[in-house]
Amino acid sequence: MRVLIGYWCGMKKSKEVFGGIFRFPLYLILISLYFPLAVFQSNFSLFSFDSTLRTLGFSTAFSLVLFYLLSKISNVHSAGVYTVFLFVALLAPNVAVGFSLACFFVVFFLFLSEKIFTFGESFTLSANVASIFFLGMLLFGFGKLGLEVNTLPSDKANDLVRLSEGRGFVETPDIYHFVLDGYSNSSVLSDFYSFDNSKFEDGLEDLGFLVMQKAISPYNQTLPSMASVMSGEFVVKPEIITPSNPHVLRVDWGKQVTDGVVPRLFRMNGYSLAFENTGYDFLSYPIGSFVNDDALGYMELGPFEEYFLSLSPLKAAFSLFGDESVVSIESRNKQVRANLSSRYFESVPQPRYYYSHTLAPHPPFSLTKNGETTFKYQDFLDIGDGDHMTKGDEELVSQYKQGYIEKLTYTNSQIYTTLKYLVEDVPGNKIVIVQGDHGGGAHLRHDSNYRTCHKERFSPLYAVYSSDSKVFSSIDSGRPVSTVNTYRHILRYLLKVDVDLVSAQAYFLSWDRPFLAEPLAGQENALCQIQFSSSD
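The model shown is predicted, which means the values in this text are computed figures rather than measured ones. (Residues numbered from 1 in each chain as written. Predicted model: local features only at pLDDT ≥ 70, side-chain atom pairs only at ≥ 80, totals over all residues. Heavy atoms only, no water.)

(A) Region of the structure containing the confidence of the model for the chain. Within the chain, residue pLDDT values average 85, and 86% of them lie at 70 or more. Counted against residues more than four places away or in other chains, residues 6-18, with its pLDDT under 50, gives 0 contacts. Predicted confidence for residues 321-327 stays below pLDDT 50, and this span has 11 contacts to residues more than four positions away or in other chains. (pLDDT = per-residue confidence, 0-100. Contact = heavy atoms within 4.5 Å.)

(B) Representation of the side chain of Q221. Looking at where Q221 falls in the secondary structure, it is placed in the loop between β3 (215-216) and α10 (222-231). Of the polar contacts made by the side chain of Q221, one reaches the backbone oxygen of L509; its length is 3.0 Å. Ignoring anything within four residues of it in the chain, the contact list for Q221 reads R250, H438, L509, S510, W511 and P514. (Helix = DSSP H or I, 4+ residues; strand = E, 2+ residues; numbered from the N terminus. Polar contact = N/O pair within 3.5 Å; in protein donor to acceptor, adjacent residues only side chain to side chain.)

(C) Structural context of helix α8 (residues 186-193). Along α8, the residues that are buried comprise S186, V188, L189, F192 and Y193. Around the axis of α8, the buried residues are gathered within 165° of arc, so they sit on the same side. Elements that come into contact with the buried residues of α8 comprise α9 (198-206), α17 (394-425) and α18 (454-457). Measuring from the side-chain oxygen of the N-cap residue of α8 to the backbone nitrogen of S187 gives 3.2 Å; that N-cap residue is N185. (Buried < 20%, exposed > 50% of the residue type's maximum accessible area, 1.4 Å probe, protein only. Arc of directions from axis to C-beta.)

(D) Representation of the pattern of salt bridges. Taken as a whole and judged by the stated rule, the model has 12 salt bridges. Taking the shortest distance from any N to any O, the salt bridge between K496 and E171 comes out at 3.8 Å. Here E171 lies in the loop between α7 (159-164) and β1 (174-180) and K496 lies in the loop between α19 (486-495) and β10 (507-508), a separation of 325 residues in the sequence. Here E171 falls in the partly exposed class, since its relative accessible area comes to 29%. The shortest N-O distance in the salt bridge between K376 and E406 comes to 3.4 Å. Linking K376 in the loop between β6 (352-358) and α16 (387-390) with E406 in helix α17, this pair joins segments that are 30 residues apart in sequence. (Salt bridge = Lys/Arg side-chain N within 4 Å of Asp/Glu carboxyl O.)

(E) Looking closely at the sheet that holds strand β5 (residues 290-292). Overall, mixed pairing links the 7 strands, which are arranged β2-β8-β7-β1-β6-β4-β5 in an open sheet. Strand pairing shows two members of the sheet lacking a second neighbour, β2 (210-211) and β5, which therefore form its edges. Summarising the sheet, β1 and strand β7 (residues 430-435) pair through 6 bridges and their orientation is parallel. Bridge assignment links Y176 to a residue of β7, and that residue is V432. (Pairing = 2+ DSSP bridges.)

(F) Representation of the environment of I433 within the structure. Along the chain, the position of I433 falls in strand β7. Residue class for I433 comes out buried when judged on its relative accessible area of 0%. Along the chain, I433 and Y465 lie 32 residues apart, while their C-alpha atoms are 6.5 Å from each other. Look past the residues within four positions of I433 in its chain and what remains in contact with it is I175, Y176, H177, F178, Y462, A463, V464, T486, Y487 and I490.

(G) Quick peek at unusual backbone geometry. With an omega dihedral of 5°, the bond running from A360 to P361 counts as a cis peptide bond. Positive phi is not limited to glycine here, since S194 has a value of about 55°. With respect to the helices, strands and loops of the structure, S194 is situated in the loop between α8 and α9. The phi angle at K496 is positive, at roughly 60°, despite the residue not being glycine. Taking the relative accessible area as the measure of exposure, K496 reaches 41% and is therefore partly exposed.

(H) Representation of the packing of helix α15 (residues 330-340) against α17 within the structure. With their axes 8 Å apart at the nearest point, α15 and α17 run at an angle of 35° to one another. Taking contact as the criterion, the partners of V336, R337 and L340 in α15 are, on α17, K407, Y410, T411, Q414, I415 and T418. In the contact of α15 with α17, the residues fall into 4 nonpolar, 3 polar and 2 charged. (Axes fitted to C-alpha atoms, helices over the stretch in contact; angles between N-to-C directions. Nonpolar A, V, L, I, M, F, W, Y, C, P; charged D, E, K, R; others polar.)

(I) Layout of the packing of aromatic side chains. For the coordinates displayed, the defined rule picks out 35 aromatic pairs. In textbook terms, an aromatic cluster arises when at least three aromatic residues are bridged by ring pairs, as seen for Y34, F35, F58, F62 and F87. R250 extends its terminal NZ or CZ atom over the ring of W511, reaching a point 3.8 Å from the ring centre. (Phe/Tyr/Trp six-rings, centres within 6.5 Å; stacked < 30°, edge-to-face > 60°. Lys NZ or Arg CZ within 6 Å of the ring centre and 35° of its normal.)

Written as structure tokens, this is what we have:
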């Protein structure tokens, strides 16, 4: 009997504690967590969860401090409501300025009307239950995404894996792979951007690089293109079954780039793996690898923090006062500057495999040709590309090209200096790859194969160098060359075995349905000069 009475008393006390907690406006904390998590979920493949932690902490602390101050002039339940309205007015993503101002007006009106209308315990209980439900639905969605990602096969067998079984590398030169995001070849730059890039390409040839004028990117998007390069085969074809969730698919491709077939082969053969941090989280780095992430200080805004603030009414508010640097893009610029001029590879033990992916000349167009921060291209200060940014507007397409060339000019000067130093001053046998993952996006229509300029998007910069000329001796630079064959050439040399090359194919992937590979639609190059309209 004593045990039952004690148990009943304990249950009663627990209910009192639980009920007491529920009488506190927990919903203000849950809502402050909901918005950053919702933004992360909608960009699941572009950011890591770790990158959201500071934003989650800041938004929660902001709500609690605001609630504490408001509770000094109002009752607890009303203070909770005021806090939520003010949080939405200042930090909620994608809120129009007018709606934000309306939230301030509502708080002011409710405060003045407290003697007539006030919020009580029953409202707080209902709001807590509702916020738990909506946050729970969001977390359920995360669980589904996580389950899909974790059930993907980690070991993907392909030709390169089979050819390497039971064999070790006969040669162990250092490998340096530079990816310049969205870098088109000289023909595209001349024809569609009115820019002569011959000085840069001639400089590469003087250093001993073989520059391919007819290189073909396998896809119109970064992750499938580089996943194909790093696995030596096309990751999406009409006959290949892939996950149908775009977020899951992009996470898988990101892992293949840095921890897929090619990186694992080098690691198995005693190479030190080293990566430059891109400044974005679409690439993850394998445990035990060297990662240079020193470009940004701890107190500087990270990519997710910048992105979240860029969606909030705060950005518009600061812009009204002319201080756009408050929500700035400086961390992105710092990362680009650091990557292009990095000498981090010298600190990595040999034999080394070094991979550097830099968002240049890809948007944001926030760098001048001298490397200074600029806000001149206001419509291109995010990492979007193609019609996500140009919106089919002829004037915006023209601005895209101007911003692109300005950033490309800076990219050329910095990367050339790095490559010259690498080739002439860094000791040891080496293989160097410099490539665009795809071409520029002035005439890219993300969800239309036919309305996309193929010549622009599928014609990247592609140049290779080797201390031993035999590595790329079979390449005919005057014929179409697929970037997917990059490591097929290299592994043929390192393993001393015959490795078949894949054909120079290319496929269009829509942004929303990247699991469906479409052969390129036939078109005239004149289409690349046509500005598509928003009604198409």
